[in-house]
There are 2 protein chains.
Amino acid sequence: MKKFDQQLIEHILKKRFFIAQSAHIYGGVSGLYDFGPPGLSLKANMLSLWRRHFVVEEDMLKIDTTAMLPYSVLKASGHVDKFCDILVFDEESGECFRADHLISAVLEKMEQTDEVISDLRRVDCMTCEEVDATIEKYDIRGTSGNKLKQSQQFNLMFGTKIGYKGDQWVFLRPETAQGQFLNFKKLYEYNNENLPFASASIGRAYRNEISPRGGLIRVREFEQAEIEHFVLEDEKNHPKFASVGGLVLRLLYGDKDVEMALGDAVRQAIVFNETIGYFIGRTALFFKDLGMDMSMVRFRQHKKDEMAHYAKDCWDAEIYTSHGWVECVGIADRSCYDLKCHEEMSGISLRSKRRLAEPREVDEWVLKLNKKEWGPRIREKFGEFEEIVLSTSQEFIQKNLVCSEGRSYVRFQYDGHDVDVECLRSKKMVHVENVIPDVVEPSFGVGRILYALIEHSFYSREDMKPVFRFKPMVAPIQCAIGYLIYSDEYYEHIIRIKKYLSEKGFVVQVNERSCSIGRKYASCDELGIPFFITFDPGFASDRMVTIRERDSMKQVRVDVDDCHLIVEGYINGKTKWD
Amino acid sequence: MKKFDQQLIEHILKKRFFIAQSAHIYGGVSGLYDFGPPGLSLKANMLSLWRRHFVVEEDMLKIDTTAMLPYSVLKASGHVDKFCDILVFDEESGECFRADHLISAVLEKMEQTDEVISDLRRVDCMTCEEVDATIEKYDIRGTSGNKLKQSQQFNLMFGTKIGYKGDQWVFLRPETAQGQFLNFKKLYEYNNENLPFASASIGRAYRNEISPRGGLIRVREFEQAEIEHFVLEDEKNHPKFASVGGLVLRLLYGDKDVEMALGDAVRQAIVFNETIGYFIGRTALFFKDLGMDMSMVRFRQHKKDEMAHYAKDCWDAEIYTSHGWVECVGIADRSCYDLKCHEEMSGISLRSKRRLAEPREVDEWVLKLNKKEWGPRIREKFGEFEEIVLSTSQEFIQKNLVCSEGRSYVRFQYDGHDVDVECLRSKKMVHVENVIPDVVEPSFGVGRILYALIEHSFYSREDMKPVFRFKPMVAPIQCAIGYLIYSDEYYEHIIRIKKYLSEKGFVVQVNERSCSIGRKYASCDELGIPFFITFDPGFASDRMVTIRERDSMKQVRVDVDDCHLIVEGYINGKTKWD
């Protein structure tokens, strides 16, 4: 496998302000990074490709939800109870370790008996009791050799209090997905009640990592690009699967590690369904378009005991970097778990309509909100309240039903009022049933993909000078313009070329540093700028400029009046450099 | 002034999923809003225009910094101590009021004596003691008539703890500006140490508002687009000011409320300098491009006692909405205050170089880091540490100097080490001096501008049907495609038109609802879609389709093979509709 010079790459990233540690003048906070101009530009270009490749291509519904979520949402989603790491502490120094990291490190160095192998496999999903038992069994110590105290759970969410009373907890979302689940009903309506459809969201998420390290790989504030593809359980064949079926990818499943066509993987039921398969294929194509080295990309299926109990299938896209194989995308069939949890906890029906083969009689509760009584009291919010009442799930009604004096009602709290809404049993013939759809979720870690791309794009020339070989459309800056010695007659041309290319959406850097042209080129190579237009003294006689390409280091001389068009062609790939 | 039907507009915004209250299925959290597909698209188009209009036009350096900031940053910036509201509580019910709101409401209803007017003016900047005195003076009560308890300060930042120890406070940034100040040195270096330059950032900020109301106007999680223009104190003439000098704007200053050319306002020193003037002008042009009704835009200068003590001049761009005049942009000359605070608190020099008219001898401290001793101990982080040492400000050295046994040193803590770095006094001739630059900050409230634009764009037709008249390039969706009755022969054309326009970056909605064409048009009007292409039965004979424009409701019939080009011309304004 290729060796990456992690230290050199990180040095260049900081020196050229791709990234900086947040609040670095105060010593910084580990796990928090800022993006400087080239880093942000690279990220923006990558996300722009992501939008075109996924969102526009599949007509996904884009939404943008708040990072703050109330307690109830994360209680329902399971994050309050389960989004935890287990910590152990050195009995003497109080030093803290993540139990899974510490146990793995010890067990991996031991003789690999069946028992050790089996314990190693379970490390990621042990309870506190199991951690303590394992530590005792192998007499595991802290790194300084001291005994360890009883293990503790540590929730990875950041919590804060909202409002002046200090009694209302909110959390910073640990993933952007929840905002999409919470809006399922509105998205479904926006899509004219058609299934399947997907929503997509790009935004920040937060995890209070215990000991963040590894640059952009494990951070506390990070960007996610997540897709939630809502689809009925038995309709997971994908109409466009054929377009990716022929892709041969490296797949890891069970004990296997093979190159296989996606179509075969689905046929052999290694990949659970075409929808998962389609997103695996599209992810691979996205990486390729981005410029990732595909020999360092693999798709690994989660083992049964590694997956959440509700998940039907889950594949990680892993990319090889100096940190080893890094999980960059997770593609999971999460069944109807998320929507079901929120329906149960909120009492609001989160269902889609499915046409029945033939009409069926149902016997249901119907809520009768008394508009005469409550309209004048709730006033302009009545419409909103009515919507809530009409969205109430049958299960919620059943659970909260009060029967008194021959009448049945459910009590709602709304806007300071206790509203008793009458419930009647009603029989009717229906042509549709209400079902909670499944969701297939491709979830992209933006910072990790970016970091992997940076490492894959890096190389050193024979003279050891560093270069990033970003594709022209992905590079932070598409074109630099410079000169050997400044002359006023260049000015109008520089302005014109810059204006033309900027209007096409490209970033142009006018290089005004006073140094040799060789140093200028080297400086641009460190930013991965693919093209450099140079004005030199010859210009006065022939009105020609030089275009230099980054990777071949070859140069062509062209008429100054055409150079903007020529460079444009190189950038958008309509003209090949060679 | 125009009347806006706030209730109707908010109803449509929610019904058509421009916005939704966050976690609405759980009853929502006040002050938190999600953006659905049309709302997000509108916001994205607005920000895209903002980027072109400001960032690309002025070659600003884009950066993207974390929302989490450590305590020290916000202590230095003054937010820990001063970013507060004063609260008063009902003695009996415990109900909470913002002191400024409560006092203003009472005083505004009283006879406007000189004393009342003067107190009213001071409401925004009163201390707790002044609030209590004012409440006693006028015998101000809570809304239920009860007496009030002593007032309390309430900090508006959201705090949370980072790491497992629970001893490290971080705050969610109350503004994106701080991330730019913290990176000043890196930005300055990235800009080859040239001044002036501006950085720009778009991102979320957070304020724990006491009683959020007013839709998108006063929220707890919001988006800001902020520019920090770094410039030397005496170099605030702007080379491009002439391009906006002729703009006539409504300016409020002192007791004046006049229409005036910006050039005159600067000449008369009403606007403090050309740089502020330039950004006022560019902001007005941005609003105009966006489609804002310019008769409802004004620029109001802060009064002396309204401005922070360090600010030299400050203008708010206010836009009229159903909530009255709303502050949407603040354009302030903040002097060198922010950088100075951070330099003092961090000990890191945040200065730019200014060429001296003639060389001057200086007598300074120079730090000598012993590489032989510390290189092997700090190892790969030595370079980073050396950078910190070399960036240390003279003031920090002076303050922390220890003299012992004839040697002077400063102690640094780095990576667990106490490092004593020797300090020597050194005389030398210099050609530059180090000065902290001033900053002019135009700060845009994205949600407020968006909401104002929505209200300004709204109107009802004679039949009362609601319409948003968004400009084609700003509208959430540029074009809808539909039909009277579906026919298979439309399919390939619909796909082709959609693909063509999507590739140009436009959003196209295929309207598959089965309803009358009138209802389809009405539905698209509610989303502000400017153009609608309709296939009708006539197509079979003449291969013509109808293009309908939203505001005139006029229709033209064109050949299906040209319609994508024709609509493209209408959208990008190259062809006029009439």
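Residues numbered from 1 in each chain as written. Chains lettered and ligands numbered in written order. Predicted model: local features only at pLDDT ≥ 70, side-chain atom pairs only at ≥ 80, totals over all residues. Heavy atoms only, no water.

(A) Up close: the overall build of chain A. Broken down by element type, chain A carries 21 helices and 28 strands. Considered along the principal axes of its C-alpha atoms, chain A spans approximately 105 × 65 × 55 Å. Expressed as a percentage of its 578 residues, the buried residues of chain A come to 56%. Contacts in chain A between residues at least 24 apart in sequence constitute 66% of all its contacts with a sequence separation of at least 6. Taking the average place of the 79 positive charges on the side chains of chain A and the average place of its 91 negative ones, the gap between the two points comes to 3 Å. (Helix = DSSP H or I, 4+ residues; strand = E, 2+ residues; numbered from the N terminus. Buried < 20%, exposed > 50% of the residue type's maximum accessible area, 1.4 Å probe, protein only. Contact = heavy atoms within 4.5 Å. Lys, Arg positive; Asp, Glu negative; His and termini not counted. Charge placed at Lys NZ, Arg CZ, Asp CG, Glu CD.)

(B) Representation of the interface of chain A and chain B within the structure. Taken together, the contact between chain A and chain B spans 78 residues of the former and 78 residues of the latter. Summing the contributions of chain A and of chain B, the shared interface buries around 6,500 Å²; its carbon and sulfur component is 60%. The largest per-residue losses of area from chain A upon contact with chain B belong to A:Tyr26, A:Tyr164 and A:Tyr190, which jointly make up 13% of the total buried on that side. The residue A:Asp59 makes a salt bridge to B:Lys498 at a minimum N-O spacing of 2.4 Å. (Buried area = accessible area lost by both parts, 1.4 Å probe. Salt bridge = Lys/Arg side-chain N within 4 Å of Asp/Glu carboxyl O.)

(C) View of helix 12 (residues 274–290) of chain A. Residues and elements named next belong to chain A. Compared with the 24 Å implied by 1.5 Å per residue over 17 residues, the 24 Å span of helix 12 between its first and last C-alpha is a close match. Sitting at the amino-terminal end of helix 12 is Asn273, which places a side-chain oxygen 3.2 Å from the backbone nitrogen of Thr275. Of the residues trailing helix 12, Gly291 is marked for its positive phi of about 105°. (Expected span 1.5 Å × (residues − 1). Polar contact = N/O pair within 3.5 Å; in protein donor to acceptor, adjacent residues only side chain to side chain.)

(D) The arrangement of the relation of the copies chain A and chain B in detail. Of the transformation placing chain A onto chain B, the axial shift is 0.0 Å and the rotation is 180°, giving an RMSD of 0.1 Å. Read as a symmetry element, the transformation amounts to a two-fold axis. Among all C-alpha atoms of chain A, that of A:Thr160 lies closest to the rotation axis, at 2.8 Å. Counting the interface residues of chain A, we find that 100% of their copies in chain B are interface residues as well, pointing to one common contact surface. (Least-squares fit on C-alpha atoms with pLDDT ≥ 70 in both.)

(E) Region of the structure containing the environment of B:Asn183. If you trace the backbone, B:Asn183 turns up in the loop between helix 8 (177–182) and helix 9 (184–190). According to the relative accessible area criterion, B:Asn183 is buried, its value standing at 0%. Between the alpha carbons of B:Asn183 and B:Ser199 there is a distance of 9.7 Å; along the sequence they are 16 residues apart. Apart from residues lying up to four places away in sequence, B:Asn183 is in contact with A:Phe17, A:Ala20, A:His24, A:Asp34, B:Ile63 and B:Thr65.

(F) Looking closely at the sheet that holds strand 9 (residues 168–172) of chain B. All names here are of chain B. The strand order 4-9-8 describes an open sheet built from three strands, whose pairing is antiparallel. Lying at the two open borders of the sheet, with one neighbouring strand each, are strand 4 (68–70) and strand 8 (159–162). The mean inter-strand angle of the sheet, taken between neighbouring strand axes irrespective of direction, is 45°. (Pairing = 2+ DSSP bridges. Axes fitted to C-alpha atoms, helices over the stretch in contact; angles between N-to-C directions.)

(G) Region of interest: the domain arrangement of chain A. Residues and elements named next belong to chain A. Entries for chain A in the domain assignment read domain 1 (6–67 + 174–338 + 438–449), domain 2 (84–155), domain 3 (354–432) and domain 4 (477–572). Listed by partner, the interface residues are eight residues for domain 1 and eight residues for domain 2. A combined buried area of about 650 Å² lies between domain 1 and domain 2, and 55% of that area is made up of carbon and sulfur atoms. Among the residues domain 1 hides against domain 2, the three largest losses belong to Asn208, Ile210 and Asp305. Together they make up 62% of the total. For the pair domain 1 and domain 2, the interface holds one salt bridge. Taken together, the connections running from domain 1 to domain 2 amount to zero residue pairs in polar contact (both at pLDDT 80 or more). For the side of domain 1 that touches domain 2, a count of residues per class yields one nonpolar, one polar and six charged. (Domains from an automatic or database assignment. Nonpolar A, V, L, I, M, F, W, Y, C, P; charged D, E, K, R; others polar.)

(H) Spotlight on the packing of helix 1 (residues 6–15) of chain A against helix 17 (residues 446–457) of chain A. Residue and element names in this part refer to chain A. Relative orientation of the contacting elements helix 1 and helix 17 amounts to 110°, with a least axis distance of 11 Å. Taken as axis vectors, helix 1 and helix 17 run roughly perpendicular relative to one another. Judged by the twist between their axes, the crossing of helix 1 over helix 17 is right-handed. The residues of helix 17 that touch helix 1, namely those facing Gln6, Ile9, Glu10 and Leu13, are Tyr451, Ile454 and Glu455. (Parallel < 35°, antiparallel > 145°, perpendicular 65-115°, else oblique. Left-handed = near helix turned anticlockwise from the far one by under 90°.)

(I) Broad picture of helix 13 (residues 337–346) of chain B. Residues and elements named next belong to chain B. Among the ten residues of helix 13, seven are classified as buried, and the element is accordingly described as predominantly covered. Every buried residue belonging to helix 13 is among Tyr337, Asp338, Leu339, Cys341, His342, Glu343 and Ser346, and all of these are buried. One or two steps after helix 13, the chain reaches Gly347, where phi turns positive at roughly 80°.

(J) Spatial organisation of the packing of aromatic side chains. Scanning the entire structure with this criterion turns up 68 aromatic pairs over all chains. Residues B:Tyr490 and B:Phe535 carry aromatic rings whose centres are separated by 4.9 Å and whose planes lie at 35° to one another, so their mutual orientation is tilted. Here the residue B:Tyr490 occupies a position in the loop between strand 24 (479–483) and helix 18 (491–503), and B:Phe535 occupies one in strand 26 (residues 531–535), the gap between them amounting to 45 residues. Taken together, the aromatic side chains of A:Trp50, A:Phe54, A:Phe286, A:Phe287 and A:Phe444 make up a single cluster linked through ring pairs. Above the plane of the ring of A:Tyr521 lies A:Arg548, whose end atom (NZ or CZ) is 4.3 Å from the centre. (Phe/Tyr/Trp six-rings, centres within 6.5 Å; stacked < 30°, edge-to-face > 60°. Lys NZ or Arg CZ within 6 Å of the ring centre and 35° of its normal.)

(K) Structural detail: the sheet that holds strand 13 (residues 256–261) of chain A. Residues and elements named next belong to chain A. A sheet is described by the order of its strands in space; here nine strands give the open sequence 3-10-11-21-16-15-14-12-13, paired in mixed fashion. Two strands lie at the open edges of the sheet, namely strand 3 (61–62) and strand 13, each paired on one side alone. Relative to strand 14 (residues 297–301), strand 12 (residues 248–253) runs parallel, the two sharing two bridges. Bridge pairing links Leu251 to Phe299 in strand 14. Here helix 12 sits on the sheet in contact with strand 11 (221–231), strand 12, strand 14, strand 15 (313–321), strand 16 (324–333) and strand 21 (438–445), set at roughly 145° to strand 16.

(L) Region of the structure containing unusual backbone geometry. Residues and elements named next belong to chain A. Looking along the chain, the bond that leaves Leu195 and enters Pro196 is cis, with omega of -10°. Although it is not a glycine, Asn192 adopts a positive phi angle of roughly 55°. Here Asn192 lies in the loop between helix 9 (184–190) and strand 10 (197–206). Judged by relative accessible area, which is 36%, Asn192 ranks as partly exposed.

(M) A look at the pattern of salt bridges. Considering all chains together, one arrives at 103 salt bridges over all chains under this definition. Across the salt bridge formed by A:Arg543 and A:Asp561, the nearest N and O atoms sit 3.6 Å from each other. You can see A:Arg543 sitting in the loop between helix 20 (539–542) and strand 27 (544–549) and its partner A:Asp561 sitting in the loop between strand 28 (555–559) and helix 21 (563–572), a full 18 residues away along the chain. Taken together, the shared-partner salt bridges in this structure form one network comprising A:Lys43, A:Arg204, A:Glu221, A:Glu223 and B:Asp64.

(N) Representation of a nonpolar patch on the surface. Residues A:Tyr486, A:Tyr491 and A:Ile495 make up a contiguous nonpolar surface patch of roughly 310 Å² in combined accessible area. Classification of A:Tyr486 as partly exposed rests on a relative accessible area of 39%. (Patch = residues over 30% accessible without salt bridge, like charges linked within 9 Å, V, L, I, M, F, W, Y side chains within 5 Å. Areas by Shrake-Rupley, 256 points an atom, 1.4 Å probe, with all protein chains shown as cover.)

(O) Structural detail: the confidence of the model for chain A. Put simply, chain A has an average pLDDT of 93, and 100% of its residues get 70 or more. At the level of chain-chain contacts, confidence expressed as ipTM amounts to 0.93, with global pTM at 0.94. (pLDDT = per-residue confidence, 0-100.)

(P) Expanded view of the environment of A:Lys504. Residue and element names in this part refer to chain A. Mapped onto the elements of the fold, Lys504 is located in the loop between helix 18 (491–503) and strand 25 (508–510). A residue is classified by how much of its surface remains accessible, and Lys504, at 43% relative accessible area, is partly exposed. Distance from Lys504 to Ile348, taken between C-alpha atoms, is 47 Å for residues 156 residues apart in sequence.

(Q) Region of interest: the pairing of strand 21 of chain A. Residue and element names in this part refer to chain A. Here strand 21 lies mainly inside the structure; eight of its eight residues are buried. Of the two faces of strand 21, both are covered, the one formed by Asp438, Val440, Pro442 and Phe444 as well as the one formed by Val439, Glu441, Ser443 and Gly445. Of the strand pairs in this sheet, strand 11 and strand 21 are connected by six bridges, and their pairing is antiparallel. Paired with His229 across the bridge in strand 21 is Val440. The pairing of strand 16 with strand 21 spans five bridges and is antiparallel. Bridging from a neighbouring strand, Asp333 pairs with Val440 of strand 21.

(R) Looking closely at the environment of B:Val244. Residues and elements named next belong to chain B. Structurally, the position occupied by Val244 is in helix 10 (residues 242–245). Taking relative accessible area as the criterion, Val244 reaches 1% and is therefore assigned buried. Between the C-alpha atom of Val244 and that of Leu262, which follows or precedes it by 18 residues, the distance is 7.1 Å. Filtering out sequence-adjacent residues up to four positions away, Val244 remains in contact with Leu262, Gly277, Tyr278, Gly281, Arg282 and Leu285.

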